[in-house]
Amino acid sequence: MAKRKLKDEFADLIKTPAIPSLKTKKTSRTEKTVRAEKKVRAVKPVKIASRPLKPRPAKPLHEPGEQLAAPVPNEVGTETAEKGTARSVSAKRKTLKTKAEPVVHARKEPLISDLPESAHETPKPKAVKVRGEKKIFVIDTSVILYNHDSINNFEDNDVAIPITVLEELDNFKKGNDTKNFEAREFIRIIDTLSENGMLTDWIPLVKSKGGKFKVVMNEKSELDARLIFDDNKPDHRILNAALALTQEYPGRKVVLVSKDINLRLKAKSLNIAAEDFLTGKIKDVEGLYTGISTINNLSGKIIDKLYQQGYCLPKDIGVKNPIPNQYYILRNTTTSALAFYNALTKKVERLEKRPAFRITPRNAEQVFAMHAILNPEVKLVTLQGVAGTGKTLLALAAALEQKRNFKQVFLARPIVPLSNKDIGFLPGDIKSKINPYMEPLYDNLKFIQSQYSEKDKEFKNITDSLENEKLVIQPLAYIRGRSISNVCFIVDEAQNLTPHEIKTIITRAGQGTKIIFTGDIYQIDTPYLDAQSNGLSYLIDKVKHHSIYAHVRLEKGERSELANLANDLL
């Protein structure tokens, strides 16, 4: 009876009408609970199990003003107090069921597939451009004697000067030779740059693109070149300085720069990078500008036009971009003609053989050379060719032919003996001392005189010109500082000059001066110079295509059959 009575009371309690405030509060609590579940599901996926709920035991009557606790939406049974409440709970459940229920995994942290799409992409590291370390160039004494401004030709890299190099320069600073001048100028440059600093620290180079220099005092390293080569000579101390820099700066490349080939080989044997001083060096000697072009299979009408009118247009011979003072050999099956491009008239003009002091050109190349020297519009001429091609003779004869247009005819050549073997001190005054070196010029002058008899006035004019110093033969050692105006200046054996010496000579030219350089780039007697780095090759490569410049390469020897035999076979 007691149990039945308790069931009846519980049934009456459930059928009791719902309080309006309780209904409103229940709906509000349901919405908050749904939002809370969404947050929980985003962090920890939980599978909600659907099971029948057991009725709770009845609670005692609540105090006045106290609200009943709303049931959790997930625990709502199939029976509700009112139909409106049942429909509301059923709608909420349908909404929850339409959403995809997350799957329970053994891991607590969320999987990548459960993360937002933006979180799937792995951020790529930004590409950082790392600038390579500057190189350290260790320069040798030979580089400085070749070009005193060499320290400023290494772009933004640093330059190291071993203390041994300064000691060697101290021995070269006295004298009137070019190497003495180079040594003095370099010492002045270093002194100027180090006014506000110490030479053992990196000092900025003003003319470079951010490079610095310093003097290396440490010439000791773990690998001692003096012990390896069994000699305490300056070259080995310079190698030790390079080795010390490689140990001091392991992350930077150290390069030894020298004009001494043997020193570069020793450096490479010690695993030191070594290279030649490349500034002023020609890359392709065989492709050097010749000044002459040969055009074959040309129309006979064009050649006839040249002979009749004396000129034609560049397009007539198939030349689109003509080079000033370029010489042409025009041929067809029957006739030929010699011509050159005149940059002033913009026409290709025909040339004829023209003798000078009874020296008549023997081939087309000599015709071109004679014309270039006698052309008043050309102020700079270079003649390159092997021995016996007539370079010096043509230059001297053409200069004497137009000596009336100049105040003096100046003949000069560098004092470099054969194979750089000096004959020692010579007795007498300066003229007696330089005469042995100037004999090649006298030989050509005597050959020109031999074209006349002693009774001819031309013979006497040459002798008088030497006595009156209208014709002057001097060494190049005394050219520095002079200003030469209205002079025809012939520089023989120019291949024995450095690019800096060539520049020094040309900058001496004043108004009305004409300079002629002759030489054979394959016959060099100066140490540290070769066919690529000598001044004559440098000049031909840099000054080509200018309207006041002309160049002719002489290839056919005309001295004698014996000389030609030696050039061809020896």
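See the structure printed just above.
All figures in this text were calculated on a predicted structure; none of them were measured in a lab.

S.K.: Outline the pairing of strand S14 (residues 471-475), listing residues and values.
M.R.: With respect to burial, S14 is a largely interior element, four of its five residues being buried. Note: strand S13 (residues 408-413) against S14, five bridges, orientation parallel. Note on S14: the bridge partner recorded for Phe410 is Val472.

S.K.: Got a sec to walk through the sheet that holds S14? Specific residues and values, please.
M.R.: One open sheet accounts for six strands, arranged S14-S13-S15-S16-S12-S17; its pairing is parallel. Lying at the two open borders of the sheet, with one neighbouring strand each, are S14 and strand S17 (549-554). Neighbouring strand axes in the sheet, compared pairwise and without regard to direction, differ in orientation by 15 degrees on average. Relative to S17, strand S12 (residues 380-385) runs parallel, the two sharing six bridges. Along S17, the bridge assignment pairs Val381 with Ala550. Against the sheet, helix H13 (residues 391-401) makes contact with S12, S13, S14, strand S15 (487-491), strand S16 (514-519) and S17, and its axis sits at roughly 160 degrees relative to S16, the strand it touches most. Along the sheet, helix H16 (residues 499-506) contacts S12, S15 and S16; its crossing angle with S16, the most-contacted strand, is approximately 155 degrees.

S.K.: How would you sum up the pattern of salt bridges? Please name residues and give values.
M.R.: The final tally for this structure, using the stated rule, is 15 salt bridges. For Asp316, the salt bridge goes to Lys305, with nearest N and O atoms at 3.3 Å. Placement of the pair is Asp316 in the loop between strand S8 (311-312) and strand S9 (327-331) and Lys305 in helix H11 (residues 300-309), with a sequence separation of eleven residues. As a salt-bridge pair, Glu555 and Arg553 come within 4.0 Å of each other at their nearest N and O atoms. The class of Arg553 is buried, set by a relative accessible area of 16%. Through salt bridges with shared partners, a single ionic network connects Lys259, Arg264, Asp276, Lys281 and Asp530.

The rules behind each value
- Position numbers for residues start from 1 in each chain and track the written sequence from start to end.
- Restriction of local features to residues with pLDDT of at least 70 applies here, the model being predicted, together with a cutoff of 80 or more for giving and counting side-chain atom pairs; totals for whole chains, interfaces and linings are based on all residues.
- As a rule here, side-chain values cover all heavy atoms of the structure and leave hydrogens and water aside.
- For every residue, the accessible area (1.4 Å probe, protein chains only) is compared with the maximum for its type, and the residue is labelled buried under 20%, exposed over 50%, or partly exposed between those bounds.
- Here a helix means four or more residues in a row that DSSP labels H or I, a strand means two or more in a row labelled E, and each is numbered from the N terminus.
- Strands are treated as partners if at least two bridges between them are detected by DSSP.
- A fitted line through C-alpha atoms serves as each axis, taken over the contacting stretch for helices, and the angle formed by two N-to-C directions is quoted from 0 to 180°.
- Contacts are assigned to residue pairs with any non-hydrogen atoms lying within 4.5 Å of each other.
- Any carboxyl oxygen of Asp or Glu within 4 Å of a side-chain nitrogen of Lys or Arg constitutes a salt bridge here.

Remember, this is a structural readout, not a statement about activity or role.
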